[in-house]
Amino acid sequence: MSTGWRIEVDTDRCIGSGSCVGMAPAHFRMESGLAAPVSATVEENEAVIDAAESCPVEAIAVRDDDGTVIAPS
Ligand code: SF4
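Residues numbered from 1 in each chain as written. Predicted model: local features only at pLDDT ≥ 70, side-chain atom pairs only at ≥ 80, totals over all residues. Heavy atoms only, no water.

Identification of the protein chain as Ferredoxin from Micromonospora sediminimaris is taken from an unreviewed UniProt entry. Under the Function (unreviewed entry) heading, UniProt states for the protein chain: "Ferredoxins are iron-sulfur proteins that transfer electrons in a wide variety of metabolic reactions." You can read under Cofactor (unreviewed entry) in the UniProt record for the protein chain the words "[3Fe-4S] cluster". (UniProt positions renumbered as here; feature names shortened; annotations may be inferred.)

(A) Main features of the pairing of strand 5 (residues 60-63). In this sheet, strand 5 lies alongside strand 1 (residues 5-9) in antiparallel orientation, the contact comprising 4 bridges. Residue isoleucine 7 lies in a different strand from strand 5, and its bridge partner there is valine 62. The pairing of strand 5 with strand 6 (residues 69-71) spans 2 bridges and is antiparallel. Paired with valine 62 across the strands is alanine 71, a residue of strand 6. Counting the residues that bridge the hairpin from strand 5 to strand 6 gives 5 residues, and of these glycine 67 lies at a positive phi of roughly 90°. (Pairing = 2+ DSSP bridges. Helix = DSSP H or I, 4+ residues; strand = E, 2+ residues; numbered from the N terminus.)

(B) Summary view of the site of the ligand. Lining the immediate surroundings of the ligand are 13 residues, of which Cys14, Ser17, Gly18, Cys20 and Cys55 lie closest. Of the residues assigned to the shell around the ligand, the class counts are 9 nonpolar, 4 polar and no charged. (Near = heavy atom within 4 Å. Nonpolar A, V, L, I, M, F, W, Y, C, P; charged D, E, K, R; others polar.)

(C) Highlighting the sheet that holds strand 4 (residues 41-42). Spatially, 4-1-5-6 is the arrangement adopted by the 4 strands of the open sheet, whose pairing is antiparallel. Every other strand in the sheet has two partners, leaving strand 4 and strand 6 as the edge strands with one partner each.

(D) Structural context of the pairing of strand 1. Along strand 1, the buried face is formed by Trp5, Ile7 and Val9; none of Arg6 and Glu8, which line the opposite face, is buried. Examined bridge by bridge, strand 1 and strand 4 share 2 bridges and lie antiparallel to one another. The residue of strand 4 that forms the bridge with arginine 6 is threonine 41. (Buried < 20%, exposed > 50% of the residue type's maximum accessible area, 1.4 Å probe, protein only.)

(E) Main features of the environment of glycine 4. The topology assignment puts glycine 4 in the segment before strand 1. As for glycine 4 and asparagine 45, which are separated by 41 residues in sequence, their C-alpha atoms are 9.2 Å apart. Not counting residues within four places of it along the chain, the set of residues in contact with glycine 4 comprises Val42, Glu44, Arg63, Asp64 and Asp65. (Contact = heavy atoms within 4.5 Å.)

(F) Broad picture of helix 2 (residues 46-54). Those residues of helix 2 not exposed but buried are Val48, Ile49, Ala51 and Ala52. Summarising the axial view, the buried residues of helix 2 lie within an arc of 165°, below the 170-degree limit, and thus occupy one face. Next to the buried residues of helix 2 lie strand 1, helix 1 (19-23), strand 2 (28-31), strand 4, strand 5 and strand 6. For helix 2, the capping residue at the N-terminal end is asparagine 45, with a side-chain oxygen 3.1 Å from the backbone nitrogen of alanine 47. (Arc of directions from axis to C-beta. Polar contact = N/O pair within 3.5 Å; in protein donor to acceptor, adjacent residues only side chain to side chain.)

Dropping the structure here:
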């Protein structure tokens, strides 16, 4: 059984565009100008995929419970 997905934001890459917060406000927030996951683990959902795909610098990684990167593709 899946335990959900993990979200990571690489704050060395994040340029603070805010796209992820706009796409998935339930899952990302801004902290001192950089994005952070609201929760490190989430239920599987399309919004976090869309947010990871929308990041202009691919700073977001969404992983399944095996650690495989699901997004960005
Ligand atoms: S979309 Fe990417 S660059 Fe923009 S705030 Fe989110 S993590 Fe940072």
